[in-house]
Amino acid sequence: MQRALTSALRLTRPWRPLQACGCASHGTASDPEIQVRSLAGPDQDQEIESQKGITEILMNRPRALNALGNVFVSELLEALAQLQEDRRVRVLIFRSGVKGVFCAGADLKEREQMSEAEVGVFVQRLRGLMNKIAAFPAPTIAAMDGFALGGGLELALACDLRVAAASSAVMGLIETTRGLLPGAGGTQRLPRCLGVALAKELIFTGRRLSGTQAQALGLVNHSVAQNEEGNAAYHRARELAQEILPQAPIAVRLGKVAIDRGMEVDIASGMAIEGMCYAQNIPTRDRLEGMAAFREKRPPRFVGE
């Protein structure tokens with residue numbers, strides 16, 4: 001456990017710059033299924049200071065309702081590999097470019113063409129993708145303005161925070177209605193989110209929930225009324241990201257590690273993990289800046305060092 005934790009805490013590794021582009025090495029350059037961008041100002045040349053550090057992953061596979069196909073998964077893995085090495089990414093938002101849908105889950109038409117062995121390999125790739133999202137070093141937010149079913153909800157569950165439109169977002173682990181069971185983390189992350197009994201009820205029944213119902217159960221952090229453009233959850237996710245941005249980025253990342261790792265062990269081990277994370281933060285410039293700002297009665301200026 002200590003070796004894995006040390007790897008998660010390694011914050012001094014070199015970072016690669018973010019390229020604001022589509023990850024289309026497995027598709028056509030003009031129509032990537034996954035697009036990455038860092039939020040910029042109206043002139044597209046100068047970033048708005050209040051949004052600097054927010055990066056978005058746009059899922060854009062309209063003909064298949066953002067279903068998790070081979071190309072989609074490959075491009076998403078490529079985007080995550082690029083972004084996790086860029087320390088300028090302070091918050092990562094997952095959103096859809098397809099109105100009325102977040103992610104429809106597995107691409108069953110594509111799955112139908114696979115052999116049993118190929119299905120097993122692909123589901124393992126999906127599981128690995130969700131683990132990559134869960135282990136992303138910066139906070140992640142899923143903005144669900146439409147359907148998030150099966151693997152789509154598993155993707156959202158892998159994120160740290162979830163925002164949903166009250167009525168147009170429909171979510172559920174519906175695999176049992178298709179003769180399947182959740183295979184990309186749903187049987188593990190849903191009970192950790194909602195508790196064992198409620199997770200069993202939702203998986204056994206394949207029940208679908210609205211955004212309002214999901215918030216009442218604690219499945220999503222915020223539920224918002226949908227707007228005419230159909231992107232109210234996305235805008236609320238942006239607001240949430242902007243609340244995170246002013247905070248010390250290393251402390252935020254270490255807080256995420258402490259929570260995620262601590263939830264998997266007994267409380268005594270969790271306290272030890274917290275101590276290791278706290279020790280990692282002590283030498284940072286941001287900690288000294290926070291104390292100086294408090295003493296001087298001014299807002300802190302954190303730089304992520």
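Everything quoted here is computed from the prediction, not taken from an experiment. (Residues numbered from 1 in each chain as written. Predicted model: local features only at pLDDT ≥ 70, side-chain atom pairs only at ≥ 80, totals over all residues. Heavy atoms only, no water.)

**Section: the overall build of the chain**
Piece 1. Tallying secondary structure elements over the chain gives twelve helices and ten strands in all.
Piece 2. A sequence separation of at least 24 residues applies to 69% of the contacts in the chain between residues at least 6 apart.
Piece 3. Put simply, the chain shows about 15,500 Å² of open surface, and 55% of that area lies on carbon and sulfur atoms. (Helix = DSSP H or I, 4+ residues; strand = E, 2+ residues; numbered from the N terminus. Contact = heavy atoms within 4.5 Å. Areas by Shrake-Rupley, 256 points an atom, 1.4 Å probe, with all protein chains shown as cover.)

**Observations concerning the sheet that holds strand β8 (residues 170–172)**
Piece 1. As summarised here, the arrangement of the four strands in space is β4-β6-β8-β9, forming an open sheet in which the pairing is mixed. Bordering the open sheet on either side are β4 (101–103) and β9 (209–210), each of which pairs with just one other strand.
Piece 2. One ladder, built from two bridges, connects strand β6 (residues 147–149) with β8; its direction is parallel. Looking at the pairing, L149 lines up with G172 of β8.
Piece 3. The strands touched by helix α5 (residues 151–158) within the sheet are β4, β6 and β8, with β6 carrying the most contacts at an inclination of about 95°. (Pairing = 2+ DSSP bridges. Axes fitted to C-alpha atoms, helices over the stretch in contact; angles between N-to-C directions.)

**Structural notes on the packing of aromatic side chains**
Piece 1. Counted under the stated rule, the structure contains zero aromatic pairs.
Piece 2. Taking NZ or CZ as reference, R95 lies 3.8 Å from the ring centre of Y234, over its face. (Phe/Tyr/Trp six-rings, centres within 6.5 Å; stacked < 30°, edge-to-face > 60°. Lys NZ or Arg CZ within 6 Å of the ring centre and 35° of its normal.)

**A word on the pairing of strand β3 (residues 91–96)**
Piece 1. Across the six residues of β3, six count as buried, placing the element largely inside the fold.
Piece 2. Where strand β2 (residues 54–59) meets β3, six bridges bridge the pair, whose relative direction is parallel. Bridge pairing in β3 places E56 opposite I93.
Piece 3. Crossover connection from β2 via helix α2 (residues 70–83) to parallel β3: handedness right-handed. (Buried < 20%, exposed > 50% of the residue type's maximum accessible area, 1.4 Å probe, protein only. Right-handed = clockwise from strand over helix to strand, strands pointing away.)

**A few points about the packing of helix α10 (residues 249–262) against helix α11 (residues 267–281)**
Piece 1. Close contact between α10 and α11 brings their axes to 9 Å; oriented N to C, the two are set at 165°. One way to sum up the angle between α10 and α11 is to call them roughly antiparallel. The handedness of the crossing between α10 and α11 comes out as right-handed. Contacts between α10 and α11 involve I250, A251, L254, V257, A258, R261 and G262 from the former and G270, I273, E274, C277, Q280 and N281 from the latter.
Piece 2. When grouped by side-chain class, the residues that make up the contact of α10 with α11 number seven nonpolar, four polar and two charged. (Parallel < 35°, antiparallel > 145°, perpendicular 65-115°, else oblique. Left-handed = near helix turned anticlockwise from the far one by under 90°. Nonpolar A, V, L, I, M, F, W, Y, C, P; charged D, E, K, R; others polar.)

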